[in-house]
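# Architecture and fold: a report
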Amino acid sequence: MGNVEITSMKAADINHVLSHIYDTVIQNREGALADYIPELAKVDPNIFGMALATNNGKVYSIGDLETTFTIQSISKALNYCIALELMGSDVVFERVGVEPSGDRFNAIEFDPRTLRPYNPMVNAGAITIAGLLYDRLGSEAYEYILDRFSQAAGRQLELHEGVYRSELLTGHRNRAIGHLLLSAQAIEEPVDAALDLYFRQCSISVNAMDLAVIGATFANLGQNPITGRQVFDMTAVRNTLSVMFTCGMYDYSGNWAYDVGLPAKSGVGGGILGIVNRQLGIGTFSPRLDTNGNSVRGLASFKILSDEFGLHAFDPTNRGSGLVSHFFDH
Ligand code: DON
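Residues numbered from 1 in each chain as written. Predicted model: local features only at pLDDT ≥ 70, side-chain atom pairs only at ≥ 80, totals over all residues. Heavy atoms only, no water.

### A word on the site of the ligand
The ligand sits among 14 residues. The nearest are Gln72, Ser73, Lys76, Tyr198 and Tyr250. The contact in question runs from an oxygen atom of the ligand to an N or O atom on the side chain of Asn174, over 3.0 Å. Contact between the ligand and Val268: an oxygen atom at 2.8 Å from a main-chain N or O atom of the residue. Computed on the free molecule, the ligand has an accessible area of 350 Å², of which 98% lies beneath the protein chains in the complex. For the shell around the ligand, the per-class residue count stands at seven nonpolar, five polar and two charged. (Near = heavy atom within 4 Å. Polar contact = N/O pair within 3.5 Å; in protein donor to acceptor, adjacent residues only side chain to side chain. Areas by Shrake-Rupley, 256 points an atom, 1.4 Å probe, with all protein chains shown as cover. Nonpolar A, V, L, I, M, F, W, Y, C, P; charged D, E, K, R; others polar.)

### A word on the sheet that holds strand S6 (residues 264-266)
Taken in spatial order, the five strands of this open sheet run S2-S1-S8-S7-S6, and their pairing is antiparallel. At either end of the open sheet lies a strand with only one pairing partner, and these are strand S2 (59-63) and S6. Strand-to-strand twist in this sheet, taken as the mean axis angle between neighbours without regard to direction, amounts to 10°. Here helix H9 (residues 208-219) sits on the sheet and contacts strand S1 (49-54), S2, strand S7 (271-276) and strand S8 (280-285); the angle it forms with S8, its principal contact strand, is near 155°. (Pairing = 2+ DSSP bridges. Helix = DSSP H or I, 4+ residues; strand = E, 2+ residues; numbered from the N terminus. Axes fitted to C-alpha atoms, helices over the stretch in contact; angles between N-to-C directions. Contact = heavy atoms within 4.5 Å.)

### Considering helix H8 (residues 191-202)
With 12 residues, H8 ought to run about 16 Å at 1.5 Å a step, and its terminal C-alpha atoms sit 17 Å apart, in line with that. The element H8 is largely enclosed, with a buried count of nine among its 12 residues. (Expected span 1.5 Å × (residues − 1). Buried < 20%, exposed > 50% of the residue type's maximum accessible area, 1.4 Å probe, protein only.)

### Some words on the pattern of salt bridges
Under the defined criterion, the tally for this structure stands at eight salt bridges. For the salt bridge of Lys42 with Glu39, the shortest nitrogen-to-oxygen distance reads 3.1 Å. In this structure, Arg148 and Glu85 form a salt bridge, with 2.7 Å as the shortest nitrogen-oxygen distance. With a gap of 63 residues between them, Arg148 in helix H5 (residues 141-153) and Glu85 in helix H2 (residues 74-87) connect regions that are remote in the sequence. In this structure Arg148 comes out as buried when scored by relative accessible area, which is 6%. On the basis of relative accessible area, Glu85 is assigned to the partly exposed category, the value being 32%. (Salt bridge = Lys/Arg side-chain N within 4 Å of Asp/Glu carboxyl O.)

### Quick notes on the sheet that holds strand S5 (residues 204-206)
Pairing within the open sheet is antiparallel, and its three strands lie in the order S3-S5-S4. In this open sheet, the two edge strands, each paired with only one partner strand, are strand S3 (69-70) and strand S4 (158-159). As paired elements, S3 and S5 share two bridges and run antiparallel to each other. In the strand pairing of S5, Thr70 is matched with Ser205.

### Looking at the packing of aromatic side chains
Overall, the coordinates contain seven aromatic pairs when judged by the stated rule. With 3.9 Å between their ring centres and 10° between their planes, Phe69 and Phe285 make a pair best called stacked. Here the residue Phe69 occupies a position in strand S3, and Phe285 occupies one in strand S8, the gap between them amounting to 216 residues. Like Phe69, the residue Phe285 is buried in the burial classification. (Phe/Tyr/Trp six-rings, centres within 6.5 Å; stacked < 30°, edge-to-face > 60°.)

### A few points about the packing of helix H1 (residues 11-25) against helix H12 (residues 296-309)
Their axes nearest at 10 Å, the elements H1 and H12 cross at an angle of 145°. Here the hand of the crossing between H1 and H12 comes out right-handed. Only Arg297, Ala300, Ser301, Ile304, Leu305, Glu308 and Phe309 of H12 make contact with H1, whose side of the interface consists of Ile14, Val17, His20, Ile21, Thr24 and Val25. (Left-handed = near helix turned anticlockwise from the far one by under 90°.)

See below:
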């Protein structure tokens, strides 16, 4: 398929590209389900769904939008945004850096120059952010973040009890990270409450359309374009998208920025959330993961979409920058 001629784009063209993506990626059976949390392996490995939501409130989709999956590490981006808003970037930056680590998401390590977690997208950083949120919000913290995630998705989201229990039973490494953070005075007691918030935030159920609408909320300066509600603070959104761009795709983040060129975050549940600033939220779900922990089909879909529409942030033609505002459904 050649690049889409943006100047004449209609809904039919968008649906055509989505069909092309579906036909291409559905053949791909590479990768494996995450099974280090047993409950995560209980999904149909063949599912694929993709959704786009524009910053003027239109949605397009293909494949499975019914099946829900747990948001997992994609929650790290939302919680970081909420923490920046509640505590201000200086306070948050004192605790968690913004440098890519280049190591596994669950590495037991700190940045040796600062003695704090490298960034909020690795577990050490996300658990520190959960600790900050717990300090601020106390026992209301989970209900509070669930409400904010729901506002961003435009519908009431729920906890997947089975995955949450499975996280609790198997989360020894995260507990080790939490206690290491405590011993380094990087977080305060009660560390178990911070960990519980972390396990819960990872266990919130979403579908591919929820991710697209959450993405559109980020793309639309923090305002959900479908409900019209201002969900996130604009400055916090800017800072969150920056960290997603550099650290959102595990140890594939550099390759992703190079090939796809969009802020994004993936989770071991099989979801990827991507954002075209001021234009689009993109959500994909397909549970087979590559060795980095990214959805194989999700990654392939983003590459095709970005190429077809010129969405890479540094695309030389700049074709993608006027996509929604000028041509989607006009
Ligand atoms: O084991 C954990 O920490 C997971 N619940 C986090 C999930 C995830 O998607 C990995 N992230 N970067």
